[in-house]
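# Close look at the chain arrangement
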Amino acid sequence: MTEQDIAGYEDGNALAGPLGELFAVDLTSAVGQCVGCGLAGPVATLRVYRHAPGLVARCPGCDDVVLRLVRGPAEAWLDLRGTVSLRIPLTP
Ligand SMILES: [Zn+2]
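Residues numbered from 1 in each chain as written. Predicted model: local features only at pLDDT ≥ 70, side-chain atom pairs only at ≥ 80, totals over all residues. Heavy atoms only, no water.

## Thoughts on the sheet that holds strand 6 (residues 65–71)
Strand order across the open sheet formed by five strands is 1-4-5-6-7, with antiparallel pairing between neighbours. Strand pairing shows two members of the sheet lacking a second neighbour, strand 1 (10–11) and strand 7 (76–79), which therefore form its edges. (Pairing = 2+ DSSP bridges. Helix = DSSP H or I, 4+ residues; strand = E, 2+ residues; numbered from the N terminus.)

Rendered as structure tokens:
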């Protein structure tokens, strides 16, 4: 059993499908900065919990909520209030 299995979370790659449904670029490689501790890193390194309504992604540095995504049948809610910024790589 991995540390992730015991703690009940997955890495940020679990967001690839749900975010890929909303955005034309792969946001798992985007670099986000945490409001709580200032840690910057790829979305893929976040800790993603599926036990809440929707997906909750927490900072690996301070465990604050960085991103929440709830999908309903006709709309999606993306809460980024725990993120200072997202630096999204674009292909030229
Ligand atoms: Zn943090």
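Here the narrative resumes, following the displayed structure.
## Some points on the pairing of strand 5 (residues 55–58)
Across three bridges, strand 4 (residues 47–49) lies against strand 5 in antiparallel orientation. By the bridge assignment, Arg-47 is partnered in strand 5 with Arg-58. With antiparallel pairing between neighbouring strands as the criterion, strand 5 and strand 6 make up a hairpin whose turn holds six residues, including Asp-63 at a positive phi of roughly 70°.

## Regarding the environment of Val-48
With respect to the element layout, Val-48 can be found in strand 4. You can call Val-48 buried: its relative accessible area is 0%. When the C-alpha positions of Val-48 and Val-84 are compared, they lie 18 Å apart, and in sequence the two are 36 residues distant. Residues within four places of Val-48 in sequence aside, it is in contact with Tyr-9, Glu-10, Asp-11, Gly-12, Ala-14, Leu-15, Leu-55, Val-56 and Ala-57. (Buried < 20%, exposed > 50% of the residue type's maximum accessible area, 1.4 Å probe, protein only. Contact = heavy atoms within 4.5 Å.)

## Structural notes on the coordination of the zinc ion
Of the protein atoms, only Cys-34 (SG), Cys-37 (SG), Cys-59 (SG) and Cys-62 (SG) coordinate the zinc ion, at distances of 2.3 to 2.4 Å. Classification of the site at the zinc ion as tetrahedral follows from its four donor atoms and the range of 102 to 119° in their angles at the metal. Binding-site remark: the zinc ion is held by donors from one chain whose sequence spacing is C-x2-C-x21-C-x2-C. Taken together, the positions of Cys-34 in strand 2 (residues 31–34) and Cys-62 in the loop between strand 5 and strand 6 put the pair 28 residues apart, joining distant regions of the chain. Under the relative-accessibility criterion, Cys-62 is labelled partly exposed at 29%. (Donors = N, O, S within 2.8 Å, 3.2 Å for Na, K, Ca; no water. Tetrahedral: all angles 85-135°; square planar, octahedral: opposite > 155°, others 65-115°.)

## Brief notes about the pattern of salt bridges
For the structure on display, the rule yields four salt bridges. The partner of Arg-50 in a salt bridge is Glu-10, with the nearest N and O atoms 2.5 Å apart. Of this pair, Arg-50 sits in the loop between strand 4 and strand 5 while Glu-10 sits in strand 1, placing them 40 residues apart in sequence. Since its relative accessible area comes to 44%, Arg-50 is described here as partly exposed. The network of salt bridges with shared partners includes Arg-68, Asp-79 and Arg-81. (Salt bridge = Lys/Arg side-chain N within 4 Å of Asp/Glu carboxyl O.)

## Brief notes about the sheet that holds strand 2
An order of 3-2-8 is seen for the three strands of this open sheet, with the pairing classed as antiparallel. At either margin of the open sheet sits one strand with a lone partner, and together these are strand 3 (40–42) and strand 8 (83–87). Averaged over all adjacent pairs, the angle separating strand axes in this sheet is 25°, with direction ignored. Bridge count between strand 2 and strand 3: three bridges; the pairing is antiparallel. Looking at the pairing, Val-31 lines up with Pro-42 of strand 3. (Axes fitted to C-alpha atoms, helices over the stretch in contact; angles between N-to-C directions.)

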